[in-house]
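As a plain string of letters, each chain reads:
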Amino acid sequence: MSVATSATQSEREFASNYLTLLSVSDSKIVIPADYRKDLKDISTLGIKLPKLPVSKKQVNGDSNDSDQIIDVTFKSIKPPRFNTSFKSSTSNTLFEVKTLLVKNEGNLQGITQSQIKLLVKGKVIQDSVLLGSVANCEEHVTFTVMINKDKTSDSTPVSTPEPSTITPITKEIELPWDEIKVLLQEKGIDASSAITRLQKGWELTK
């Protein structure tokens, strides 16, 4: 019975507010832009609007954005291998969590945050994500850690021989002296003396 009564009152209130709004919109009164009214003459503030509902999460403080301290565990799957845990605030980003990891774990000396990848269930978590979003109201989070070492530090330079140590392989070339002699004779040149001088010059170039 009380439910039906409250529903009837709600309908009447809605109808009353609706008719009031209609009367305002149908009014031909024009108010200038610089209109001012003394507060003493104001008897009502207009239609009373209902309050907005407040979610239970905001009332109970169970939102993921609230600052909490949780346990975080890190397990590496590749060298350097380690298994370490510490506490961190849920308002920290994953980049800040990496900074704490580098600071607390001795095996990560010389490793930067950009070389560390944090994974949850095989998915890489970006540095800008808040730890509270990953925790999802849990009190403990476990990350799988992958370390990307600098490839240049692992590569061994390959020694190459100096250019001066390379001995060129040459093949002795035999000139067609008989054909040259015939060609000189056709041109009316003393072939015997010319061939002799050409052969001496060729020997000097070897």
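Read on for a plain summary of the structure. Remember, predicted model here, so these are calculated numbers, not experimental data.

1. Thoughts on the packing of aromatic side chains
Applying the stated rule across the entire model yields two aromatic pairs. Taken together, a centroid distance of 5.7 Å and an interplanar angle of 15° make the contact between phenylalanine 74 and phenylalanine 143 stacked. Of this pair, phenylalanine 74 sits in strand E1 (residues 69-76) while phenylalanine 143 sits in strand E5 (residues 140-147); the two residues are 69 residues apart in sequence, bridging distant segments of the chain. A single burial state applies to phenylalanine 74 and to phenylalanine 143, both of which are buried. Through a chain of ring-to-ring contacts, three or more aromatic side chains come together here, namely Phe74, Phe86 and Phe143.

2. A word on a nonpolar patch on the surface
On the surface, a cluster of nonpolar side chains totalling about 390 Å² of accessible area is made up of Phe14, Tyr18 and Leu19. Mapped onto the fold, tyrosine 18 is located in helix H1 (residues 2-26).

3. Some thoughts on the side chain of glutamine 113
With respect to the element layout, glutamine 113 can be found in the loop between helix H3 (94-104) and strand E3 (116-120). Polar contacts involving the side chain of glutamine 113 include one to the side chain of threonine 99, which spans 3.0 Å. The contact partners of glutamine 113, leaving out residues within four places of it in the chain, are Phe95, Lys98 and Thr99.

Scoring rules and cut-offs
Residues numbered from 1 in each chain as written. Predicted model: local features only at pLDDT ≥ 70, side-chain atom pairs only at ≥ 80, totals over all residues. Heavy atoms only, no water. Phe/Tyr/Trp six-rings, centres within 6.5 Å; stacked < 30°, edge-to-face > 60°. Helix = DSSP H or I, 4+ residues; strand = E, 2+ residues; numbered from the N terminus. Buried < 20%, exposed > 50% of the residue type's maximum accessible area, 1.4 Å probe, protein only. Patch = residues over 30% accessible without salt bridge, like charges linked within 9 Å, V, L, I, M, F, W, Y side chains within 5 Å. Areas by Shrake-Rupley, 256 points an atom, 1.4 Å probe, with all protein chains shown as cover. Salt bridge = Lys/Arg side-chain N within 4 Å of Asp/Glu carboxyl O. Polar contact = N/O pair within 3.5 Å; in protein donor to acceptor, adjacent residues only side chain to side chain. Contact = heavy atoms within 4.5 Å.

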